[in-house]
Amino acid sequence: VYKRQLFRKARDQAVITLLQHTGARRVEIASITLSSTREAMLMKYPMLKLVTVKRGEVFIREVPINTIALNDVKIYISVRAKLANSFPHSKNDFLFISETTGHPIAVETIGSGISRIRIAAGIEEQACAHMFRHAFISNLFTLLIERHKFESKDEFETALINDEVFLKKVQEWTGHKSLSSLRTYLTQVFSYDKTVNKTVYGVHETQTLKSVSYTHLTLPTTERV
């Protein structure tokens, strides 16, 4: 029982880390494989493969992830290897497995893990996995706004519209079906009483966003009136 508790703790930490640093949905986190994680660990500029859902078809996308986050996951992998030996008939390539069967975890397990952490931390507010996705995308836009000193949502949207390469890159990273669905985040970021230049959501604390190539985050210069 104690070993299973330690395993679950390590798994919860790895899940939270990947939610925070990839902006992935629960089902996408549950679908991450050991092989794709190890491939990312060998890259100079790590890109983690995710199975994209919510588009009516299944395809693979890659998202940037930093080595610090991967090191946290590496700790879990070592614990996973020991548990997997106890379930030789359940051998599989999924990163996250059940501590009781060795089979891939259910999507619901991710949600219950977050609830367990919330209760243990004494957090009264509701918490869910999708909150990490919202924060990741909002932080990405906030980083761009701060870097390019945009002063209004309209000004930022104009720059985005003129940069198809960047828009496609954001879609690749987040797995959104359409660009219009990203507009919600623009409104959200610019609703903070003009404090976007004061690190909304602690954007400078998000190491993955820091490590994203400046080339990918370069927007065209817009004329100011």
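Residues numbered from 1 in each chain as written. Predicted model: local features only at pLDDT ≥ 70, side-chain atom pairs only at ≥ 80, totals over all residues. Heavy atoms only, no water.

## Comments concerning the environment of A129
With respect to the helices and strands, A129 occurs in the loop between helix 5 (107–120) and helix 6 (130–148). Taking the C-alpha atoms as reference, A129 lies 8.3 Å from I16; in sequence the two are 113 residues apart. (Helix = DSSP H or I, 4+ residues; strand = E, 2+ residues; numbered from the N terminus.)

## Some details on the confidence of the model for the protein
Per-residue pLDDT for the protein has a mean of 75; in total, 61% of the residues score no lower than 70. Between the elements of the protein, mean pLDDT differs from a low of 49, seen in helix 10 (residues 207–211), to a high of 97, seen in helix 3 (residues 34–41). Here residues 211–225 is modelled with pLDDT under 50, and outside its nearest four sequence neighbours on either side it reaches 35 contacts, counting other chains as well. (pLDDT = per-residue confidence, 0-100. Contact = heavy atoms within 4.5 Å.)

## Brief notes about the side chain of R61
The topology assignment puts R61 in strand 2 (residues 59–64). There is a polar contact of 3.1 Å between the side chain of R61 and the side chain of T52. (Polar contact = N/O pair within 3.5 Å; in protein donor to acceptor, adjacent residues only side chain to side chain.)

## Let's talk about the environment of C128
As for its position among the elements, C128 is in the loop between helix 5 and helix 6. C-alpha of C128 to C-alpha of R26: the two residues are 102 residues apart in sequence and 9.6 Å apart in space.

## Describing the environment of I32
Tracing the backbone shows I32 in the loop between helix 2 (26–30) and helix 3. Linking I32 and L50, residues 18 residues apart in sequence, is a C-alpha distance of 6.1 Å. Apart from the residues lying within four places of it in its own chain, the contact partners of I32 are L18, T37, L48, L50, F94 and L95.

## A closer look at the nonpolar core
Counting residues in hydrophobic clusters, the biggest one holds 34 residues, and the most contacted among them are L18, I29, L48, Y76, L95, F96 and I110. Per element, the largest residue contribution to this core is seven residues, and it comes from helix 1 (residues 2–22). Apart from residues no more than four positions distant in its own chain, L95 is found in contact with L18, I32, T33, L34, T37, V73, Y76, I77 and R80. (Core = buried A, V, L, I, M, F, W, Y, C linked by side-chain atoms within 4.5 Å. Buried < 20%, exposed > 50% of the residue type's maximum accessible area, 1.4 Å probe, protein only.)

## As for the packing of aromatic side chains
Counted by the stated rule, this structure contains two aromatic pairs. Ring centres of F7 and Y76 lie 5.7 Å apart, and the angle between their planes is 45 degrees; on these two criteria the pair is classed as tilted. Of the two residues, F7 sits in helix 1 while Y76 sits in helix 4 (residues 67–84), which places them 69 residues apart along the sequence. Like F7, the residue Y76 is buried in the burial classification. Plain terms: the ring middles of Y76 and F96 are 5.2 Å apart, the flat faces sit at 35 degrees to each other, and that makes the pair tilted. Of this pair, Y76 sits in helix 4 while F96 sits in the loop between helix 4 and helix 5, and the two are 20 residues apart along the sequence. Each of the two residues, Y76 as well as F96, counts as buried. (Phe/Tyr/Trp six-rings, centres within 6.5 Å; stacked < 30°, edge-to-face > 60°.)

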